[in-house]
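Commentary on secondary and tertiary structure
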Amino acid sequence: MSCPQPRPTEFRLPLRAESFSVEEHRNVHCRFYGGCIDVAVREDWDSFTCAKCPLFQQDGAPGADQYAFNQPADSGRP
């Protein structure tokens, strides 16, 4: 069984790009996002989209629970 690979595709920005949100067509929390940026730079794309990528919905924004950890109670000693 093969693992899905990231597949960014070129994206042409709409004329009114200032009213367009990156989060609508990219998953900036994807673990492969940096690699997709590298592909876009190498291919000299103005922008890219994750919409056709099989991993688009896989990684979500981190929540507080991902940063929380159990810590022993402070005994008052330095």
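Here is what the cut-offs are and how they apply
Residues numbered from 1 in each chain as written. Predicted model: local features only at pLDDT ≥ 70, side-chain atom pairs only at ≥ 80, totals over all residues. Heavy atoms only, no water. Helix = DSSP H or I, 4+ residues; strand = E, 2+ residues; numbered from the N terminus. Polar contact = N/O pair within 3.5 Å; in protein donor to acceptor, adjacent residues only side chain to side chain. pLDDT = per-residue confidence, 0-100. Contact = heavy atoms within 4.5 Å.

1. Observations concerning the side chain of Asn-27
Inspection of the secondary structure puts Asn-27 in the loop between β1 (9-10) and α1 (33-42). A distance of 2.9 Å separates the side chain of Asn-27 from the backbone oxygen of Phe-56, its partner in a polar contact.

2. So, the confidence of the model for the chain
With 63% of its residues at a pLDDT of 70 or more, the chain shows a mean pLDDT of 76. The weakest mean pLDDT in the chain belongs to β1 at 86; the strongest belongs to α1 at 91.

3. Overview of the environment of Glu-10
Within the element layout of this structure, Glu-10 appears in strand β1. In the structure, Glu-10 is positioned 33 residues away from Glu-43 in sequence and 8.8 Å away in space, judged by C-alpha atoms. Non-local contacts of Glu-10, meaning those with residues more than four positions away in its chain, are made with Trp-45, Ser-47, Phe-48 and Thr-49.

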